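Summary of the model geometry
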Amino acid sequence: MPSRREELLDAAIEVLGGQGVRGLTHRAVDAAAGTPAGATANYFKTREALLGAIAERFAERDAHAWEAIAGLVRPTTSAELAAALAAYVQRALGPDRAVTVARFGLFVEAALRPDLQERLAGPSRELRQWATEWLSGIGSAEPAAECNALMDYLDGLMLHHLAFPPLEDDLEEAVTRGVRELCTYDA
């Protein structure tokens, strides 16, 4: 059961993903969480404190999501890796669209705020470590470098699908092509 603080942060993520950074206010979070006016301000005195806490909540949620994925999926071939990543991308652009939009909104804020950069960088390194292990497991020649290229490609693919009409009709094929072109592995 999430705490009140976690509920407020989850509501803040939904606001950020639905209304953008400009729509992220204490009042909007209170409304989204269904709490009395002022509840968010009691936990997060300033907008900066709220943004910092959102970044930390993202890290927690991402870690739990990747732990669940890693517990269920252990790709042993490039095709299995591509299928797992395609499922992730489709979920990020479908049911989790608001969370994905919020994530990119945080990235933009982090470009302007070094304190957010550090809060997002640590968890990002952990997630990339899991992906590096997957690449190593399928025989990647350079798993760390290829992981960075592949994760950056997926971020770019998702960002373009959110910002523009779909550039790819078949996301699974786009991810499969990305795995094939960015990774060297023993098939």
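See the structure above.
Our subject in this report is the structure included herewith. Everything numeric in this text was worked out from a predicted model, so none of it was measured.

Per the secondary structure count, the chain includes nine helices and zero strands. Counting helices and strands in the order they occur from the N terminus, the chain gives α-α-α-α-α-α-α-α-α. Taken over the C-alpha trace, the chain has a radius of gyration of 18 Å; the compact-globule value for 187 residues is 16 Å, and the two agree within 12%. Along the three orthogonal principal directions, the C-alpha set of the chain runs to about 55 × 35 × 30 Å. Within the chain, buried positions represent 42% of all 187 residues. Residue pairs in contact within the chain that sit at least 24 positions apart in sequence constitute 67% of those at least 6 positions apart.

Let us now look at the packing of helix H1 (residues 4-19) against helix H6 (residues 97-112). Where H1 contacts H6, the two axes come as close as 7 Å, and the packing angle between them is 85°. Here H6 runs roughly perpendicular to H1, going by the angle between their axes. Side by side, H1 and H6 meet where Ile 13, Glu 14, Leu 16 and Gly 17 of the first sit next to Ala 98, Val 99, Val 101, Ala 102 and Leu 106 of the second.

What follows is about H1. For H1, spanning 16 residues, the distance from its first C-alpha to its last is 22 Å, which sits close to the expected 22 Å at 1.5 Å a residue. If you check which residues of H1 are buried, you get Leu 8, Leu 9, Asp 10, Ala 11, Ala 12, Ile 13, Val 15, Leu 16 and Gly 17. Following H1 by one or two positions, Gly 20 adopts a phi angle in the positive range, close to 80°.

A word on the pattern of salt bridges. Tallying each qualifying case throughout the model produces 13 salt bridges. Notably, a salt bridge pairs Arg 103 with Asp 155, separated by 2.9 Å at the nearest N-O pair. Taken as a pair, Arg 103 in helix H6 and Asp 155 in helix H8 (residues 143-163) lie far apart in primary sequence, 52 residues in all. Looking at Arg 103, the relative accessible area reads 16%, which means it is buried. Residues Glu 118 and Arg 125 are paired through a salt bridge, measuring 3.6 Å at the closest nitrogen-oxygen approach. Look at the salt bridges and you will find they share partners, linking Glu 6, Asp 10, Arg 57, Glu 60 and Arg 61 into a network.

As for its position among the elements, Glu 48 is in helix H4 (residues 47-72). Linking Glu 48 and Asp 115, residues 67 residues apart in sequence, is a C-alpha distance of 9.8 Å.

Ranked by internal contacts, the top residues of the largest apolar core, which has 27 residues, are Leu 81, Leu 85, Val 89, Val 175 and Val 179. Those elements giving two or more residues to this core turn out to be helix H5 (78-93), helix H7 (114-137), H8 and helix H9 (171-182). Counting residues in hydrophobic clusters, the runner-up holds 23 residues, among them Leu 9, Ile 13, Leu 16 and Leu 51.

The rules behind each value
- Residues numbered from 1 in each chain as written.
- Predicted model: local features only at pLDDT ≥ 70, side-chain atom pairs only at ≥ 80, totals over all residues.
- Heavy atoms only, no water.
- Helix = DSSP H or I, 4+ residues; strand = E, 2+ residues; numbered from the N terminus.
- Rg over C-alpha atoms; globule rule 2.2 N^0.38 Å.
- Buried < 20%, exposed > 50% of the residue type's maximum accessible area, 1.4 Å probe, protein only.
- Contact = heavy atoms within 4.5 Å.
- Axes fitted to C-alpha atoms, helices over the stretch in contact; angles between N-to-C directions.
- Parallel < 35°, antiparallel > 145°, perpendicular 65-115°, else oblique.
- Expected span 1.5 Å × (residues − 1).
- Salt bridge = Lys/Arg side-chain N within 4 Å of Asp/Glu carboxyl O.
- Core = buried A, V, L, I, M, F, W, Y, C linked by side-chain atoms within 4.5 Å.

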